[in-house]
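# Reading the structure
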Amino acid sequence: MVTIYGKDSCPYTQAARDDYEKRKVPFTYINVKKDAAELTRMLEFSKGRRAVPVIVEDGRVTIGFGGT
């Protein structure tokens, strides 16, 4: 299971979503600008870093997306 925490206005969040769709990897996208509780949860994963996207994949946390 993959969860992508991000913002609609972030090009890196969009690039991550596009990449996972292209690779046909199912994911859940959570817009942290619209849900304060999910923002808090994202900050737990990122240890307080406010960078997006935060990608949680099988328990592994990645902050940011560079297209690799």
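You'll find the structure just up there.
Keep in mind that what you see is a predicted model, and the values were worked out from it rather than measured.

## Here we look at the environment of Arg41
Tracing the chain through its elements places Arg41 in helix H2 (residues 36-45). Remark: the alpha-carbon pair of Arg41 and Tyr12, spanning 29 residues in sequence, is separated by 19 Å.

## A few points about the pairing of strand S1 (residues 2-6)
For S1, the buried fraction is high: 5 of the 5 residues fall into the buried class. Burial along S1 is two-sided: the residues Val2, Ile4 and Gly6 and Thr3 and Tyr5 are all buried. The pairing of S1 with strand S2 (residues 27-31) spans 5 bridges and is classified as parallel. Considered in S2, the bridge of Ile4 is made with Tyr29. Assessed by its sense of winding, the connection that carries the chain from S1 through helix H1 (residues 11-22) to S2 is right-handed.

## Remarks on the sheet that holds S2
Ordered by their spatial adjacency, 4 strands build an open sheet running S2-S1-S3-S4, and the pairing between neighbours is mixed. With partners counted over all chains shown, the strands left at the sheet margins are S2 and strand S4 (60-63), one partner each. Ignoring which end each strand starts from, the neighbouring axes of this sheet average 15° apart. In terms of strand pairing, S1 meets strand S3 (residues 54-57) through 4 bridges, oriented antiparallel. Looking across to S3, one finds that Tyr5 is bridged to Val54.

## Some remarks on the environment of Asp19
Here Asp19 shows up in helix H1. Distance from Asp19 to Pro53, taken between C-alpha atoms, is 13 Å for residues 34 residues apart in sequence. A polar contact of 2.9 Å, which involves the side chain of Asp19, links it to the side chain of Arg23.

Thresholds, definitions, all that
Each residue is numbered by its place in its chain's sequence as written, counting from 1. Residue-level local features of this predicted model are given only where pLDDT is at least 70; pairs of side-chain atoms are given and counted only at 80 or more, and the full residue set underlies all totals for whole chains, interfaces and linings. Excluded from the side-chain calculation are hydrogens and water; included are all heavy atoms of the structure. Numbered from the N terminus, helices here are DSSP runs of H or I no shorter than four residues, and strands are runs of E no shorter than two. Buried, partly exposed and exposed residues are distinguished by accessible area as a fraction of the type maximum, computed with a 1.4 Å probe on protein chains only: under 20%, between the cut-offs, and over 50%, respectively. Following DSSP output, two strands are said to pair if at least two bridges run between them. With strands facing away from the observer, any crossover in which the path from the first strand over the helix to the second runs clockwise is taken as right-handed. Note on geometry: axes are lines fitted to C-alpha atoms, helical ones only across the stretch in contact, with angles between N-to-C directions running from 0 to 180 degrees. Polar contact criterion, stated in full: a pair of N or O atoms within 3.5 Å, where within protein one must be able to donate a hydrogen and the other to accept it, and residues adjacent in sequence count only if both atoms are side-chain atoms.

By themselves, these figures tell us nothing about what the structure is for.
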